[in-house]
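An overview of the molecular structure
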2 protein chains.
Amino acid sequence: MAENAVFVGNKPVMNYVLAVLTQFNSGVKEVSVKARGRAISRAVDVAEIVRKRFLPDVDVKDIKISTEKVESEQGEANVSAIEITLVKKE
Amino acid sequence: MAENAVFVGNKPVMNYVLAVLTQFNSGVKEVSVKARGRAISRAVDVAEIVRKRFLPDVDVKDIKISTEKVESEQGEANVSAIEITLVKKE
């Protein structure tokens, strides 16, 4: 698993794109983009914008989906999650 | 690519879960769950609910993300897309 993770939430998509670009520019080879629930769509946007608009030498290495349990005042709920691992080509 | 596709839109998630279950019960080995834009999160929900709640012998074979061009009255726009290929284990 990549140790360099960007967690995508409800902020504008370009905030997360910038976070990913910053990590790659600092020299790491892999960045994983993670999100849960409705932010999953935004995580896909982040990965696509990074690759198509800014870093064409970055590829999708792996995409994992999973179900996580979230505790709330109403009890436990299941929420879907995604992890998109981006890797810089040699 | 699987010829059996379920396109996830804005209806309740269980509609699409049922569509996937129906395809598998008709005997096909692979079903691909597709979505664009904000429906991407729902497509991940569909895949997770099918596997975790209904068909434990179904695995995620592949997940692809892409960017599609959409024509609208305001001109061309880019939208992210996902394709989750589910496969029945032998």
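For the structure, see preceding data.
Cut-offs applied
- Residues numbered from 1 in each chain as written.
- Chains lettered and ligands numbered in written order.
- Predicted model: local features only at pLDDT ≥ 70, side-chain atom pairs only at ≥ 80, totals over all residues.
- Heavy atoms only, no water.
- Contact = heavy atoms within 4.5 Å.
- Buried area = accessible area lost by both parts, 1.4 Å probe.
- Salt bridge = Lys/Arg side-chain N within 4 Å of Asp/Glu carboxyl O.
- Polar contact = N/O pair within 3.5 Å; in protein donor to acceptor, adjacent residues only side chain to side chain.
- Helix = DSSP H or I, 4+ residues; strand = E, 2+ residues; numbered from the N terminus.
- Nonpolar A, V, L, I, M, F, W, Y, C, P; charged D, E, K, R; others polar.
- Least-squares fit on C-alpha atoms with pLDDT ≥ 70 in both.
- Pairing = 2+ DSSP bridges.
- Axes fitted to C-alpha atoms, helices over the stretch in contact; angles between N-to-C directions.
- Core = buried A, V, L, I, M, F, W, Y, C linked by side-chain atoms within 4.5 Å.
- Buried < 20%, exposed > 50% of the residue type's maximum accessible area, 1.4 Å probe, protein only.
- Expected span 1.5 Å × (residues − 1).

1. Concerning the interface of chain B and chain A
Listed by partner, the interface residues are 19 residues for chain B and 20 residues for chain A. Interface of chain B and chain A: buried area, both sides summed, is about 1300 Å²; carbon and sulfur atoms make up 62% of it. It is B:Ser41, B:Ile63 and B:Ile65 in chain B that bury the most area against chain A; as a group they hold 40% of the surface buried on that side. Between the two partners, chain B and chain A, sit zero salt bridges. If you look at where chain B meets chain A, you find nine residue pairs in polar contact (both at pLDDT 80 or more). Sorting the residues of the side of chain B that touches chain A by element identifies helix 2 (39-54), strand 3 (58-72) and strand 4 (75-88) of chain B as the ones contributing at least two each. Counting residues per element, the side of chain B that touches chain A draws most heavily on helix 2 of chain B, at eight residues. Tallied by class, the residues present in the side of chain B that touches chain A amount to nine nonpolar, five polar and five charged.

2. A few points about the relation of the copies chain B and chain A
Placing chain B over chain A gives an RMSD of 0.0 Å and needs a rotation angle of 180°, together with 0.0 Å of translation along the axis. Interpreted geometrically, this transformation is the action of a two-fold axis. Relative to the rotation axis, the C-alpha of B:Ser41 is the closest in chain B, positioned 2.7 Å from it. Looking at chain B, 100% of its interface residues are interface residues in chain A too, so the copies touch through the same face.

3. With respect to the sheet that holds strand 1 (residues 5-8) of chain B
Residue and element names in this part refer to chain B. With mixed pairing, four strands are arranged side by side in an open sheet as 1-2-4-3. Edge positions in the sheet fall to strand 1 and strand 3, since each of these pairs with one other strand and no more. Across the sheet, the mean angle from the axis of one strand to that of its neighbour is 20°, orientation sign disregarded. The pairing of strand 2 (residues 30-36) with strand 4 spans seven bridges and is antiparallel.

4. Let's talk about the nonpolar core
Formed by 52 residues in total, the largest nonpolar core has its most connected members in A:Ile82, A:Ile84, B:Ile82 and B:Ile84. Not counting chain neighbours up to four residues away, the residues in contact with B:Ile82 comprise A:Ile82, B:Val33, B:Lys34, B:Ala35, B:Ile40, B:Ala43, B:Val44, B:Ile63, B:Lys64 and B:Ile65.

5. Quick notes on helix 2 (residues 39-54) of chain A
An α-helical turn contains 3.6 residues, so a residue and the one three or four places further along point in the same direction. The first and last C-alpha atoms of helix 2 of chain A sit 21 Å apart over 16 residues, in line with the 22 Å expected at 1.5 Å per residue. Among all positions of helix 2 of chain A, only A:Ala39, A:Ile40, A:Ser41, A:Ala43, A:Val44, A:Val46, A:Ala47, A:Glu48, A:Ile49, A:Val50 and A:Arg51 are buried.

6. Remarks on the pairing of strand 4 of chain B
All names here are of chain B. As paired elements, strand 3 and strand 4 share 14 bridges and run antiparallel to each other. Within strand 4, the position partnered with Lys64 by the bridge is Glu83. Counting the residues that bridge the hairpin from strand 3 to strand 4 gives two residues.

7. Thoughts on the side chain of A:Ser41
Within the element layout of this structure, A:Ser41 appears in helix 2. At 2.8 Å, the side chain of A:Ser41 forms a polar contact with the side chain of B:Ser41. Residues contacting A:Ser41, with those up to four places away along its chain left out, are B:Gly37, B:Arg38, B:Ile40 and B:Ser41.

8. Brief notes about the sheet that holds strand 4 (residues 75-88) of chain A
Overall, mixed pairing links the four strands, which are arranged 1-2-4-3 (chain A) in an open sheet. On the outer flanks of this sheet lie strand 1 (5-8) and strand 3 (58-72) of chain A, each paired with one strand and no other. Strand-to-strand twist of the sheet, defined as the mean angle between neighbouring strand axes without regard to direction, takes the value 20°. Taken together, the four bridges between strand 1 of chain A and strand 2 (residues 30-36) of chain A define a ladder with parallel strand orientation. Each bridged residue has a counterpart across the sheet, and for A:Ala5 the counterpart in strand 2 of chain A is A:Ser32. Sitting on the sheet, helix 2 of chain A touches strand 1, strand 2, strand 3 and strand 4 of chain A, and the angle it makes with strand 4 of chain A is about 5°. Against the sheet, helix 2 of chain B touches strand 3 and strand 4 of chain A, its axis set at about 65° to strand 3 of chain A.

Nothing here speaks to function; it is geometry throughout.
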